[in-house]
Amino acid sequence: MANIGNTNSPPTALTSCLHDNDTIARIALACAGVSGDPAVSVAIQTLGGALPMVAAVHDGRDAAAALSVSTRHRIRQFATVGNVVPVLAAMVTSRLTVITPLHVEWPHQVACLRRAAPLILWARGDVAVLGTPSIAVTGQSLPTEFGTHMALELATGLADRGWVIAASDSTGLDELALDAARAMGGGTITATSVGLDQTISDEHPVCGVEVSEVPPTYGVTVRGQHRAAHLLAALAAKVIVVEAGESGSAVRTGEAAHAMGRPVGVVPVTANGAHVAGCRRLTRLDDVALISSITDADRLR
């Protein structure tokens, strides 16, 4: 791994068009599925950077790093040139931007994840939108008529008030919220759980961006779905859950945002059933607000 990338030392702030040694090493770690692993984050600091850390693990010189046996095995097996090269090729083909904490475009709000923050992100669209205050509007993939109405009303009204609307790449309420914001000419952030070369996006509305912690060419995994929910919660200034089952990305996003100290709102439940079990669960958490209108959502603190 030590010979991957160029030999120039990266400057303090890099533009995302450069693939320096640190970026290449972080791509390799993402290929190994260890981006966001707190122990890996600590090891990078301990061993002097992403590239020295990857090289040390490959060479068996990583005794100073408190990595598990399985993590070391994943890095040695999957953080390789053979896995990085196809990712670089897919980035070119799919016109993707890669950003790391050393790039000026990095969304610093993900620091709330602390040592579990992503090591690297891939984006397509207007990367500057990632640093703009946003509200996540999320819910289940099979919404009721009421849920559909509320998602559309909230996303439309909040976009009209200048908020960027963030959501997952799930079908249903998240997709409706993004479409409503785009119809208003507003900005959008889509946090995906797969590589961006696999998302369907023939054109990108102005001020819209898709973002993923998963490298291009890589598909969906359970870990990737959980990480995408945490990424969405970290990127957004606050989270509103319209309808959510007992499990799924919407309730995970709400719980993650609450754990980060982000404001969380839930549309009041109007019926019983599995489709609102997650909302009932969220309302039992401290300081979770009920959201019945655009004004409620706008003023959520």
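Residues numbered from 1 in each chain as written. Predicted model: local features only at pLDDT ≥ 70, side-chain atom pairs only at ≥ 80, totals over all residues. Heavy atoms only, no water.

A separate point is the packing of helix H3 (residues 50-59) against helix H4 (residues 69-78). Two elements in contact, H3 and H4, have axes whose closest approach is 9 Å; the angle formed by their N-to-C orientations is 100°. With respect to each other, H3 and H4 are oriented roughly perpendicular. Counted together, Met 53, Val 57 and His 58 of H3 and Arg 72, Ile 75 and Arg 76 of H4 form the full contact between these two elements. Partitioning the contact of H3 with H4 into residue classes produces three nonpolar, one polar and two charged. (Axes fitted to C-alpha atoms, helices over the stretch in contact; angles between N-to-C directions. Helix = DSSP H or I, 4+ residues; strand = E, 2+ residues; numbered from the N terminus. Parallel < 35°, antiparallel > 145°, perpendicular 65-115°, else oblique. Contact = heavy atoms within 4.5 Å. Nonpolar A, V, L, I, M, F, W, Y, C, P; charged D, E, K, R; others polar.)

Residues Leu 130, Ile 189, Val 211, Leu 235 and Val 241 are the most contacted members of the largest nonpolar core, which totals 36 residues. Judged by nonpolar contacts, the second largest core, of 32 residues, contains Ile 24, Val 34, Ala 56 and Ile 75. (Core = buried A, V, L, I, M, F, W, Y, C linked by side-chain atoms within 4.5 Å. Buried < 20%, exposed > 50% of the residue type's maximum accessible area, 1.4 Å probe, protein only.)

Two numbers describe a pair of packed helices, the interaxial angle and the distance between the axes. Direction vectors running N to C along helix H1 (residues 21-31) and H3 enclose 50°, while the axes themselves pass 7 Å from each other. As judged from the angle between their axes, H1 and H3 are oblique. Of the two elements, H1 crosses H3, and the hand of that crossing is left-handed. When H1 is examined against H3, the residues Asn 21, Asp 22, Ala 25, Arg 26 and Leu 29 are found in contact with a partner set consisting of Ala 50, Leu 51, Met 53 and Val 54. Of the residues assigned to the contact of H1 with H3, the class counts are six nonpolar, one polar and two charged. (Left-handed = near helix turned anticlockwise from the far one by under 90°.)

Here the focus is H4. Buried within H4 we find Thr 71, Arg 72 and Ile 75. The buried side chains of H4 occupy one side of the element, clustering within an arc of 100° when seen end-on. Among the structural elements, H1, helix H2 (38-46) and H3 are those in contact with the buried residues of H4. (Arc of directions from axis to C-beta.)

Of all 11 residues in H1, 11 are buried, a share of seventy percent or more. Turning to H1, its buried residues are Asn 21, Asp 22, Thr 23, Ile 24, Ala 25, Arg 26, Ile 27, Ala 28, Leu 29, Ala 30 and Cys 31. Tucked inside the fold, the buried residues of H1 contact H2, H3, H4, helix H5 (81-93), strand S1 (97-99) and strand S2 (121-125). Positioned one or two residues after H1, Gly 33 has a phi angle of 75°, which is positive.

A few words on the pairing of strand S5 (residues 188-192). Of all five residues that make up S5, five are buried, and the element is covered over most of its length. The two faces of S5 match: Thr 188, Thr 190 and Thr 192 on one face and Ile 189 and Ala 191 on the other face are all buried. Strand direction decides the pairing type here: strand S4 (residues 164-168) and S5, joined by four bridges, are parallel. Bridge pairing in S5 places Ala 166 opposite Ile 189. Chirality of the crossover, the property in question, places the unit of S4, helix H7 (residues 173-183) and S5 among those that are right-handed. (Pairing = 2+ DSSP bridges. Right-handed = clockwise from strand over helix to strand, strands pointing away.)

Right, let's talk about the environment of Val 127 for a bit. Here Val 127 shows up in the loop between S2 and strand S3 (134-138). Placed 160 residues apart in sequence, Val 127 and Asp 287 show a C-alpha to C-alpha distance of 32 Å. Contacts of Val 127, omitting those with residues within four sequence positions, involve Thr 97, Ile 99, Glu 105 and Val 209.

Strands pair in a sheet through their backbones, by hydrogen bonds, and they do so in one of two ways: parallel or antiparallel. Spatially, the nine strands line up as an open sheet ordered S1-S2-S6-S5-S4-S3-S7-S8-S9, and their pairing is mixed. Only two strands of the sheet have a single neighbouring strand rather than two, namely S1 and strand S9 (289-290). Looking at chain direction, S2 and strand S6 (residues 208-212) are connected through four bridges and run antiparallel. Looking at S6, one finds that Ala 123 is bridged to Val 211. The sheet contacts of H7 involve S3, S4 and S5, and relative to S4 the element is tilted by about 155°.

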